[in-house]
Amino acid sequence: MADTTSTNTSVDDRTEGENPTRDLLADGIVNMLKPTVDQIEERIKFTRIRQVELHQHIETLLIDLQRISEAQPAPLDFEEYVKKLTNTKRRVMVINNILHNAQFEGFGNCKGAGLLHRLHLSLLHLDDEVEMETPHFDHLCQERYSSVYEPAEDSFLLLDALEQDLGVINSTMPLICLEVGCGSGVVISALGRCLETPALCLGVDINPVACHCTQITAQKNGSNVDVICADLAILLLGRLESSIDVLIFNPPYVVTESAEVLEPGLPRSWADILTNDQFSLNNESRVSPGFKKHQYSSQLLMKDR
Amino acid sequence: MKLLTHNLMSSRHIKGVVTGFPLKLTARDVKVSEVDFNKDFIVRILPKLDWEALCQAVESIGQGTDLPRSLDPDFNFEADTEFLKKAHHVLMEVEVVSGELECPETGRKFPITDGIPNMLLNEDEV
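Source: prediction; values computed, not measured.

1. Some words on the packing of aromatic side chains
Where two aromatic rings form a pair, the distance of their centres and the angle of their planes describe that pair.
Residues and elements named next belong to chain B.
Piece 1. Across all of its chains, the model carries four aromatic pairs over all chains by this definition.
Piece 2. Geometrically, the ring pair formed by F77 and F83 is tilted, given 6.4 Å between the ring centres and 45 degrees between the ring planes. The residues F77 and F83 share a single accessibility class, namely buried.
Piece 3. Through a chain of ring-to-ring contacts, three or more aromatic side chains come together here, namely W51, F75, F77 and F83.

Pasting the structure below:
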């Protein structure tokens, strides 16, 4: 795929405007590639269906395992397996996401090659030990946490991105790590656990239930996280200015009615688009100099996808 | 809420507040749990803190230790492990489970419940 692009570019360089030879050549190449592209698309469709099935299987298996461990009076330890399954689930979700994007973007451009490359990498790592384990979040199914954003594809993708950069993060020996909109607390808890040097891990969320949930997630996973219930970056004004070493932010990306911003709980967490923009405009100055590279937000995820 | 976190917070998000620091701390319930001492961490975090505000906070929750009220700029704390251990204790091991934070300028109170300070404001206060 990359070859096609380079040929096109060189022809482009030589000529300007109308060029029948170039058009003919381009058409020829496109026609030549089309059957393969169609085939790949067909395969992707098939793989995606399989992935979804696999995902469902893993989920039922997880539930079964949980049920067994609950029903089993004998001290049968499934913990390890549940952990492995959760990690695999995360990987499957990420691959699914890449496939989805591949299908969405189509293979007519060179992006397809990049996506395929990422897919290949993800598949290679499927069997690897996950460095950054997905924290347990079984307690999230409790009714009281129904208003907390459950870890989904974006959370897992964020965990993956953090995992990839874990070496870099650790090499800078961060002192203060902050996650804005920590929700279930899965991301900040996971990070807190794999830092090699001690650091203050802070989680901030506008939703009081989410704050509580983050605390429980951290406790259950042996991670030390301090939680503050507050409105986005407002707390960053003043004292925390230029002292944050790692800033994690997975902002809401669903466009919502402005009225929803006033509703408490989850709708409000999702609807803070306006503040969100203000935040991304200002956050450059909030992090400590020299650590500016380590901002993890959906922007990074978008790039990643 | 750790006293380290308290030292990094302010109430500057309230309309009209200039510094909003330090937040006056009152505690109903305090928990002390053991956290591994890491000398390097304390040495590196100290320059980021407001020492006097920390001492005030420690006193206000009745965890008074013999910490120096102010830090002499010439004080070589890196070499004083005893001092660093005390600082570690108040920064990392003491946690306020329930109580209140009060804005020094407006007197606005923010509750701390289950160790989580609630800094949310009403629409008209922002």
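2. A short note on the interface of chain A and chain B
Piece 1. In this complex, chain A contributes 28 residues to the contact, which on the side of chain B involves 29 residues.
Piece 2. Both sides of the chain A and chain B interface together cover about 2,600 Å² of buried area, and 62% of this is carbon and sulfur.
Piece 3. The largest share of the area that chain A buries against chain B comes from L175, D226 and R239 of chain A, three residues that together contribute 26% of it.
Piece 4. Where chain A touches chain B, the interface holds two salt bridges.
Piece 5. Here K48 of chain B ties to D245 of chain A by a salt bridge, and the two come within 4.0 Å at their closest N and O atoms.
Piece 6. Run the count over chain A and chain B and you get seven residue pairs in polar contact (both at pLDDT 80 or more).
Piece 7. Of all elements in the fold, only β2 (200-205), α8 (208-220) and β3 (225-229) of chain A reach the threshold of two or more residues within the side of chain A that touches chain B.
Piece 8. For the side of chain A that touches chain B, a count of residues per class yields 18 nonpolar, six polar and four charged.

3. Digging into the pairing of β2 of chain A
Residues and elements named next belong to chain A.
Piece 1. A large share of β2 lies buried, amounting to six of its six residues.
Piece 2. Neither face of β2 is open: one carries L200, L202 and V204, the other C201, G203 and D205, and all of them are buried.
Piece 3. One ladder, built from five bridges, connects strand β1 (residues 176-180) with β2; its direction is parallel. Considered in β2, the bridge of L178 is made with L202.
Piece 4. With respect to chirality, the unit in which β1 leads through helix α7 (residues 186-194) into the neighbouring parallel β2 is right-handed.
Piece 5. Sheet topology places β2 next to β3; five bridges connect them, and they run parallel. Paired with C201 across the bridge in β3 is V225.
Piece 6. In the classification by handedness, the crossover that spans β2, the intervening α8 and the parallel β3 is right-handed.

4. Focus on helix α2 (residues 20-71) of chain A
All names here are of chain A.
Piece 1. Helix length check: α2 (52 residues) gives 73 Å between terminal C-alpha atoms against 76 Å at 1.5 Å per residue, within 8%.
Piece 2. Approximately 40 degrees is the largest bend angle found in α2, and it occurs at K34, with the proline P35 only one to four residues beyond.
Piece 3. Within α2 the residues assigned to the buried category are I29, V37, I44, Q51, H55, I58, L62 and L65.

5. Focus: the sheet that holds strand β3 (residues 109-113) of chain B
All names here are of chain B.
Piece 1. Strand order in the open sheet made by the four strands is β1-β2-β3-β4, with antiparallel pairing throughout. The sheet is open, and its two borders are formed by β1 (24-32) and β4 (116-117), each paired with just one other strand.
Piece 2. The pairing of β1 with strand β2 (residues 94-102) spans eight bridges and is classified as antiparallel. Bridged to K24 within β2 is E102.

6. A short note on the confidence of the model for chain A
Residue and element names in this part refer to chain A.
Piece 1. The pLDDT averaged across chain A works out to 71; a share of 62% of its residues lies at or above 70.
Piece 2. For chain A, the element scoring lowest by mean pLDDT is helix α11 (residues 298-304), at 36; β3 scores highest, at 94.
Piece 3. Taken together, the stretch residues 255-305 has pLDDT below 50 and engages in 103 contacts with residues farther than four places along the chain or on a different chain.

7. Looking at the side chain of D160 of chain A
Piece 1. Structurally, the position occupied by D160 of chain A is in helix α5 (residues 153-164).
Piece 2. With residues up to four places along the chain from it excluded, the contact list for D160 of chain A reads R90, R91 and V94 of chain A.

8. Overview of unusual backbone geometry
Piece 1. In this model, F21 of chain B is joined to P22 of chain B through a cis peptide bond whose omega is -10 degrees.
Piece 2. Secondary-structure assignment places P22 of chain B in the loop between α1 (3-8) and β1.
Piece 3. Despite not being glycine, M173 of chain A shows a phi value in the positive range, around 45 degrees.
Piece 4. Relative to the helices and strands, M173 of chain A resides in the loop between α6 (166-171) and β1.
Piece 5. Residues other than glycine seldom take positive phi values, yet D114 of chain B does so here, at roughly 50 degrees.
Piece 6. Inspection of the secondary structure puts D114 of chain B in the loop between β3 and β4.

Calculation notes
Residues numbered from 1 in each chain as written. Chains lettered and ligands numbered in written order. Predicted model: local features only at pLDDT ≥ 70, side-chain atom pairs only at ≥ 80, totals over all residues. Heavy atoms only, no water. Phe/Tyr/Trp six-rings, centres within 6.5 Å; stacked < 30°, edge-to-face > 60°. Buried < 20%, exposed > 50% of the residue type's maximum accessible area, 1.4 Å probe, protein only. Contact = heavy atoms within 4.5 Å. Buried area = accessible area lost by both parts, 1.4 Å probe. Salt bridge = Lys/Arg side-chain N within 4 Å of Asp/Glu carboxyl O. Polar contact = N/O pair within 3.5 Å; in protein donor to acceptor, adjacent residues only side chain to side chain. Helix = DSSP H or I, 4+ residues; strand = E, 2+ residues; numbered from the N terminus. Nonpolar A, V, L, I, M, F, W, Y, C, P; charged D, E, K, R; others polar. Pairing = 2+ DSSP bridges. Right-handed = clockwise from strand over helix to strand, strands pointing away. Expected span 1.5 Å × (residues − 1). Bend = angle between axes of the 7 residues up to and from the residue. pLDDT = per-residue confidence, 0-100.

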